[in-house]
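Here's the letter readout for the chains.
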Amino acid sequence: MNFPLRSSTSQLRSLVWNRREFLRLAAASAVSTTFTPALRARGVGSFDRRKVVIVTFGGGARDEETFAPDAQQNIPGMIKTLLPQSTFFGQVVNHGILGHYVATTSLATGVYETFNNFSGVAPPHPTLFEYFRRDLSRPAHDAWVISPSNGFRNMGGSTARRYGPAFGAGVILPKQLLEAAAPGHPTNDFDRLLRDTYEEPHTLAAQTAGEAELRQMEEILRFSRDEFVHHALSLDSADELSVYVARQLMLQVAPSLMWITLHDIDVAHSGAFSLYLDGIQRTDRLCVEIWNQIQANPEYAGKTTMFVLPDFGRDSDGDPAGNGFQHHRTGDAASRTTWMMVLGPEIRQGAFVQRPIDSLDLVPTVGRILGFSTPLADGSVLPEVV
Ligand SMILES: [Zn+2]
């Protein structure tokens, strides 16, 4: 099912034109200070050497608060560090349902899924993790999802025949780990980390935190309960906890395919503009941190492609059906037209791609990079990436 854009062509054109202009201006003033490893010769599809990290935001941010000239101070990391090293797609259109779980899962299957956003069910179409593991005979520990939303627990594997969780990604839910690791702790110590994200899918029955989560932490992430709780106390947000867990996972397990979902920006639903801005600034910092962790880790440096993309956007101020930055329910151009940044050793740096691409193009593109096929996914391989 395809949901049409509820906007005129001229609205869309001006949105994309503005984004290109904003970034042209930013590029002119940006100085990249980050060392980029030299390109090394390697064949496409040599999965044992190449890795992919995908970072999605659950709840995008509008250009008014990010790429517009007087808002770029909110995203210095993207503008000064990531943008000069990336190929930037300025027009990524999401034609699906604008709810975070169903939209993020659609990004992972390459099909616009139509299940109830709040159901928390496994998708009916295979995820990229299943294609990856089944096609390339990769072990379970080579594909992971990290999500601050407990309702995302089923996004790692589908109900599709011949695929399914046996080929899926492990899903780490840091908030649930924390609940399991700190049962006696006063709840208010972790309120900022455990607060439910807006639009949390219903947590399915009999999935409370417990021994399984602690075993996952101790066996996979190899840190102790005390160490984990101690670190959590020093962090400001659920997204920071996720990035901390991602770093441990990269150091201990070094998966070839890792997906991190960030959700702090979506605090915008509360209507507090200052918290929304805080979320944008933190997300910007965390994206740079993830990229720096990739560069600092010999298992990843020089062989990792990173994708950064919001699942979709937010409403514009002008649409009478919406309430500006707060929600994403109008289906207007601003809420459907987002962007994507791609970085990696074989990615053209400082390039802006103006042509429209589809949110679903992610899965076949990652498949081409890692060398697996994606027979049931829609979307197309992006020639600007691979
Ligand atoms: Zn939202």
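Just so we're clear, the structure is a prediction, and the values are computed from it rather than from any experiment. (Residues numbered from 1 in each chain as written. Predicted model: local features only at pLDDT ≥ 70, side-chain atom pairs only at ≥ 80, totals over all residues. Heavy atoms only, no water.)

### Quick notes on the overall build of the protein
Assigned secondary structure in the protein consists of 12 helices and nine strands. Counting every position in the protein, which comprises 386 residues, the buried fraction comes to 61%. A fraction of 77% describes how many contacts in the protein between residues 6 or more apart in sequence connect residues 24 or more apart. In the structure as shown, the protein presents an accessible area of about 14,900 Å², 52% of it carried by carbon and sulfur atoms. (Helix = DSSP H or I, 4+ residues; strand = E, 2+ residues; numbered from the N terminus. Buried < 20%, exposed > 50% of the residue type's maximum accessible area, 1.4 Å probe, protein only. Contact = heavy atoms within 4.5 Å. Areas by Shrake-Rupley, 256 points an atom, 1.4 Å probe, with all protein chains shown as cover.)

### Some thoughts on the coordination of the zinc ion
Protein-derived coordination of the zinc ion comes from His100 (NE2), Asp266 (OD), Asp266 (OD), His269 (NE2) and His328 (NE2), at a distance range of 2.0 to 2.5 Å. In this structure His269 comes out as buried when scored by relative accessible area, which is 6%. (Donors = N, O, S within 2.8 Å, 3.2 Å for Na, K, Ca; no water.)

### Examining the packing of helix H5 (residues 174–181) against helix H8 (residues 225–233)
Put simply, H5 and H8 touch, their axes get as near as 10 Å, and they point 120° apart. When the axes of H5 and H8 are compared, the crossing they make is left-handed. Contacts from Pro174, Leu177, Leu178, Ala180 and Ala181 in H5 reach Arg225, Phe228, Val229 and Ala232 in H8. Taken together, the residues of the contact of H5 with H8 sort by class into eight nonpolar, no polar and one charged. (Axes fitted to C-alpha atoms, helices over the stretch in contact; angles between N-to-C directions. Left-handed = near helix turned anticlockwise from the far one by under 90°. Nonpolar A, V, L, I, M, F, W, Y, C, P; charged D, E, K, R; others polar.)

### Focus on the nonpolar core
Counting residues in hydrophobic clusters, the biggest one holds 64 residues, and the most contacted among them are Val55, Phe57, Phe228 and Met341. If you tally residues by element for this core, the top one is helix H10 (residues 273–296), at nine residues. Ignoring sequence-local partners within four residues, the contact set of Val55 consists of Ile260, Leu262, Cys287, Ile290, Met306, Phe307, Val308 and Leu309. Among the nonpolar cores identified, the runner-up in size contains 41 residues, and Tyr101, Phe115, Ala143 and Leu309 belong to it. (Core = buried A, V, L, I, M, F, W, Y, C linked by side-chain atoms within 4.5 Å.)

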